[in-house]
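Per-entry structural report
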Amino acid sequence: MAKKSPTTDVESSTSTRNSVLPRRSYLRSIATAAVATAAVGAGTAAVAADTDDYETVTLDAGEDLLVTLEDGETLENVLYDCTAEGARVTIAAHATDWTVRNVGIKGEFDNGAPDAAFGISDVGGGSSTIENVYVADGAVHGSQAVGETAFWVAPDHNGHIDFKRVNVQNFPDNGIYASAPAGKGGGSIHIDQCFAANNYVSNFRIGSEGSAVTNSNVYVDRDGYGGRGIWVWSPGTCEIENCQLDINGHNYAIDAGANGNGTTVEVEETDYSTDFHGGVNETAGSTVHLGDDVGTDPDPVIPNGVPETPEEAAAGDDA
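What this report covers is the structure whose coordinates are included nearby.

Another aspect to go through is the environment of Arg-228. Tracing the sequence through the fold places Arg-228 in strand S19 (residues 228-232). Leaving out residues up to four positions away in the same chain, Arg-228 has contacts with Val-201, Ser-202, Asn-203, Asn-251, Tyr-252 and Asp-255. Only 2.7 Å separates the side chain of Arg-228 from the side chain of Asp-255, close enough to count as a polar contact.

The following block contains the structure:
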């Protein structure tokens, strides 16, 4: 498997990146992948090998960096420092059998654009991986109708993506937004051993048949960022197993169905909070099956192995 350098295939122009990868239009079509992959340049981000374990890419104020992956490529052991004012990075992988591993993003995105830190899909029917990633510094609410998303899975995703040991927090427009393939590509998503906190509109969002959230926890305690714990769109069926979902009265812990379409959710070995209208919402004929081992006393700790700092993620300390 080819390894992607953290400075290979990047765009540093805000206008150029937004023309090929805007949040709610081109990013959401597979045409984006072809344009984004072709739109490569030298970039201006400074790179320094801070340790033997990972590289640091430091962005300038206002810099808007695009990194793309193609078939079979791996991006690993890199820290993107976005602490400068208005700096942000987007990692785009609209290919097949790619891997993003041991990546940390440092700094809160503050440019107000409706966009995504990761725009991804497996469009070759293969299996791709997001593993040991920290994107928990989040983003401020933008001035537009929506703000930043952490992970956006494009509609044409037709393979499988594994999310493992991901820490995603404080995004104003979904943490892992992976419901779009349910209505088009049909590719599956498995979120395992992950932690999400204070993401609005939802923390984890799935919907395609065979998708699941397992061994993962959600915690919400921040006003304005209080999204659903897990939102399951149609057609499903999807699974939730061994999860701890504490939304602290901000929203539903489990929400099923949307836009006039229902789904089925199988829930096992999970605890969820009930202080927002009972904690479970079934719309458009949806059914949430709660197993006998499901309770209502959640304890959403960060799962073992999930990176708690961007440096820890980049180094792969617990991978």
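Right, picking up where we left off after that structure.
Turning next to the packing of aromatic side chains. Here the structure, examined in full by the defined rule, presents 6 aromatic pairs. Plain terms: the ring middles of Phe-109 and Phe-171 are 6.4 Å apart, the flat faces sit at 90° to each other, and that makes the pair edge-to-face. Remark: Phe-171 occurs in the loop between strand S12 (160-169) and strand S13 (176-177) and Phe-109 occurs in the loop between strand S8 (99-106) and strand S9 (116-122); sequence separation between them is 62 residues. Of the two residues examined, Phe-109 and Phe-171, each falls in the buried class. Considering the side-chain rings of Phe-118 and Phe-151, the 4.5 Å spacing of their centres and the 20° angle between planes classify their relative orientation as stacked. You can see Phe-118 sitting in strand S9 and its partner Phe-151 sitting in strand S11 (residues 149-153), a full 33 residues away along the chain. Overall, the relative accessible area of 0% leaves Phe-151 in the buried class. Here the aromatic residues Phe-118, Phe-151 and Phe-163 are joined through ring pairs into a cluster of three or more.

What follows covers a negative patch on the surface. On the surface, a cluster of negative charge is made up of Glu-239, Glu-241, Glu-268, Glu-269, Asp-292 and Asp-293. Tracing the chain through its elements places Glu-269 in the loop between strand S23 (264-268) and strand S24 (271-272). The exposure class assigned to Glu-269 is partly exposed, which follows from its relative accessible area of 39%.

This next bit is on the state of the cysteines. The term disulfide refers to a covalent linkage connecting the sulfur atoms of a pair of cysteines. Across all of its chains, the model carries 0 disulfides by this definition. Left without a disulfide partner, Cys-194 is nearest to the cysteine sulfur of Cys-243, which lies 9.6 Å away. We classify Cys-243 as buried; its relative accessible area is 0%.

Turning to the pairing of S19, a few remarks are in order. The element S19 is extensively covered by neighbouring structure, given that 5 of its 5 residues are classed as buried. Pairing of strand S16 (residues 202-206) with S19 involves 4 bridges; the strand directions are parallel. Its bridge partner lying in S19, Ser-202 is registered against Arg-228. Relative to strand S22 (residues 254-256), S19 runs parallel, the two sharing 3 bridges. Bridge assignment links Val-232 to a residue of S22, and that residue is Ala-256.

Conventions adopted
- Residues numbered from 1 in each chain as written.
- Predicted model: local features only at pLDDT ≥ 70, side-chain atom pairs only at ≥ 80, totals over all residues.
- Heavy atoms only, no water.
- Helix = DSSP H or I, 4+ residues; strand = E, 2+ residues; numbered from the N terminus.
- Contact = heavy atoms within 4.5 Å.
- Polar contact = N/O pair within 3.5 Å; in protein donor to acceptor, adjacent residues only side chain to side chain.
- Phe/Tyr/Trp six-rings, centres within 6.5 Å; stacked < 30°, edge-to-face > 60°.
- Buried < 20%, exposed > 50% of the residue type's maximum accessible area, 1.4 Å probe, protein only.
- Patch = residues over 30% accessible without salt bridge, like charges linked within 9 Å, V, L, I, M, F, W, Y side chains within 5 Å.
- Areas by Shrake-Rupley, 256 points an atom, 1.4 Å probe, with all protein chains shown as cover.
- Salt bridge = Lys/Arg side-chain N within 4 Å of Asp/Glu carboxyl O.
- Lys, Arg positive; Asp, Glu negative; His and termini not counted.
- Charge placed at Lys NZ, Arg CZ, Asp CG, Glu CD.
- Disulfide = S-S within 2.5 Å.
- Pairing = 2+ DSSP bridges.

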